[in-house]
Amino acid sequence: MNNSRAIVATIGLAFVIAIGAMAGTAANAANPPVGLGSAATYSVLAGTPSITNTGATTIDRDVGIHPADSIIGFPPGIIGGTVHAGDAVALQAKSDLTVAYLDAAGRPVTANHSALGGLTLVGGVYNANGATLGLTGTLTLNGQNDPNSVWIFQATSDLVTASTSSVVFINGGSPCNVFWQVTTSATLGSGSHFVGTILALDSITLANGVTVNGRALARNGLVSLINDTFITSTCNAAPPVVVPPGTRPPFTPAPTATPVAPAATPIATAASSVTPTTAPVAAVPTVKPAAVAGTQRLPSTSTNDPAGPLTMLGIALTGIGILLLRGRSIRHL
């Protein structure tokens, strides 16, 4: 009798594991990344009156503005992609940005948090619940070894990060899957390390020396920069060549591809006399997992693969239990 109970308990545990794994898969499918459309190729996108820069800001992807066309401070700043100032291409990107903003704002909420410093959060949708969405210290994003984990932060007012604050990953995770929907304006403190795509209704202001592993996309307002660095190419294939200041006038696209031979496929190259001045792309900082007060946990630890590890374990345990029960029944006969 005791053996029968143990077998039944094993089968029950197997079913719980399998159902939990499948539920995690469904949860991931219900929270896909925010689609950016043509805005995905931009590091910086603004509305009006301008994009302004002071100092040696480095931007590795496209820069666009619409309906205004004023982009100030490049050079000395460096733009590695194409500049679209008040043209139809920028208008389309702004339209796609609006769609992305509304998508992020409409996602069902996992939990409410307004103070993010010290928290460890798994993939989900987090809402500031009417307060300023603030970050002082470190926000840790736990990818749970799932490359498809998605984090969406809904700032129902403004977004403000303190000086030297940071966003880091543990157990995987990608900056391409982090989104910040900001109802008013975003301000990033000096020396901070920020991760993800900002989708702001109004303006975005970066203080001195901010590193953004992602994008600053403003629907209506300006974008202001000071000696900042954008690393957006991790979310795009074939990053363009970055040309140092003085080699091309403002608002001119980076050099186009140059054929190596008449029958060869064009390969993008930079002039041999040019020494890139872009800061090296640094890996997103990671920290070791730690028990942190205020940690938000979700039930999913699976990937989007329907036959994930937990599902397979559940099926295996169920099969073993059934075989044991059948063997016991035969012996009783």
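Residues numbered from 1 in each chain as written. Predicted model: local features only at pLDDT ≥ 70, side-chain atom pairs only at ≥ 80, totals over all residues. Heavy atoms only, no water.

With respect to the overall build of the protein chain
Defined as follows: Put simply, DSSP H or I for four residues or longer makes a helix, DSSP E for two residues or longer makes a strand, and each gets a number counted from the N terminus. Each residue is assigned to one of three classes by its accessible area relative to the maximum for its type, calculated with a 1.4 Å probe on protein chains only: buried under 20%, partly exposed between the two thresholds, exposed over 50%. A contact between two residues is defined here by any heavy atoms of the two lying within 4.5 Å.
Across its full length, the protein chain holds three helices and 22 strands. By residue count, 44% of the 333 residues in the protein chain fall in the buried class. Across the protein chain, every contact between residues at least 6 apart in sequence was considered, and the portion connecting residues at least 24 apart equals 58%.

Notes on the sheet that holds strand β17 (residues 186-188)
Keep this limit in mind: Strand pairing is assigned whenever DSSP identifies at least 2 bridges connecting the two strands. Whenever a helix is involved, its axis is fitted only over the stretch in contact; in every case the axis is a line through C-alpha atoms, and angles between N-to-C directions fall within 0 to 180 degrees.
Reading across the sheet, the seven strands line up as β5-β2-β21-β19-β17-β14-β11 and stay open at both edges, with parallel pairing between neighbours. Lying at the two open borders of the sheet, with one neighbouring strand each, are β5 (70-72) and β11 (133-135). Sheet twist, expressed as the average angle between the axes of neighbouring strands with direction ignored, equals 10°.

A few points about the side chain of N53
The residue N53 is located in strand β2 (residues 50-54) in this model. Residue N53 is classed as buried on the basis of its relative accessible area, which comes to 8%. Apart from the residues lying within four places of it in its own chain, the contact partners of N53 are I72, G73, F74, G77, L225, I226 and N227.

Focus: the packing of aromatic side chains
Rule in force here: Each Phe, Tyr or Trp ring (for Trp, its six-membered ring) is paired with any other whose centre lies within 6.5 Å, and the angle between the two planes then decides the class: stacked below 30 degrees, edge-to-face above 60, tilted in between.
In this structure the tally under the stated criterion is four aromatic pairs. Measuring from ring centre to ring centre gives 4.8 Å for W180 and F194, while their planes differ by 45°; the resulting arrangement is tilted. Taken together, the positions of W180 in strand β16 (residues 178-182) and F194 in strand β18 (residues 193-200) put the pair 14 residues apart, joining distant regions of the chain. With respect to class, W180 is no different from F194; both count as buried.

Notes on the pattern of salt bridges
Stated precisely, the cut-off is as follows: Salt bridges, as used here, are contacts in which a Lys or Arg side-chain nitrogen is within 4 Å of a carboxyl oxygen on Asp or Glu.
In this structure the tally under the stated criterion is one salt bridge. A salt bridge links D103 to R107; the nearest nitrogen and oxygen atoms lie 2.8 Å apart. A relative accessible area of 10% places R107 in the buried class.

Quick notes on the pairing of strand β4 (residues 62-65)
Here β4 shows two buried faces, one formed by D62 and G64 and the other by V63 and I65. When strand β1 (residues 42-46) meets β4, the two strands line up parallel, connected through four bridges. Note on β4: the bridge partner recorded for L45 is G64. Here three bridges tie β4 to strand β7 (residues 83-85), and the two strands are oriented parallel to one another. Paired with G64 across the two strands is H84, which belongs to β7.

Focus: the side chain of D96
Defined as follows: When charges are counted, Lys and Arg are positive and Asp and Glu negative, with His and the chain ends excluded.
Considering the arrangement of structural elements, one finds D96 in helix α2 (residues 88-105). Put simply, D96 is tucked away with no salt bridge, and the nearest opposite charge, on R219, sits 11 Å away. Setting aside residues no more than four positions away along its own chain, D96 makes contact with L36, G37, S38 and A39.

As for unusual backbone geometry
Note that the residue after H66, namely P67, is joined by a cis bond; omega there is 10°. Within the secondary structure, P67 sits in the loop between β4 and β5. Of the consecutive residues P75 and P76, the connecting peptide bond is found in the cis state with omega at 15°. In this fold, P76 is placed in the loop between β5 and β6 (78-79). Notably, T164 is not glycine yet its phi reads approximately 60°, a positive angle. Within the secondary structure, T164 is located in the loop between β14 (159-161) and β15 (166-170). According to the relative accessible area criterion, T164 is exposed, its value standing at 62%.

Regarding α2
Selection criterion: Each helix should span, by expectation, one fewer than its residue count multiplied by 1.5 Å. Throughout, the arc means the angular range of directions from the helix axis out to the C-beta atoms. What qualifies as a polar contact is a pair of N or O atoms within 3.5 Å, subject to a donor-acceptor requirement within protein and to the restriction that residues adjacent in sequence count only when both atoms come from side chains.
The end-to-end C-alpha distance of α2 is 26 Å, a good match for the 26 Å that 18 residues give at a rise of 1.5 Å each. Buried within α2 are the following residues: A90, A93, K94, D96, L97, A100, Y101 and A104. Burial along α2 is one-sided: seen end-on, the buried residues are contained in an arc of 170°. Counted as exposed and oriented over 90 degrees from the buried face of α2: A88, V99 and L102. In this structure D87 caps α2, since a side-chain oxygen of it lies 3.3 Å from the backbone nitrogen of V89.

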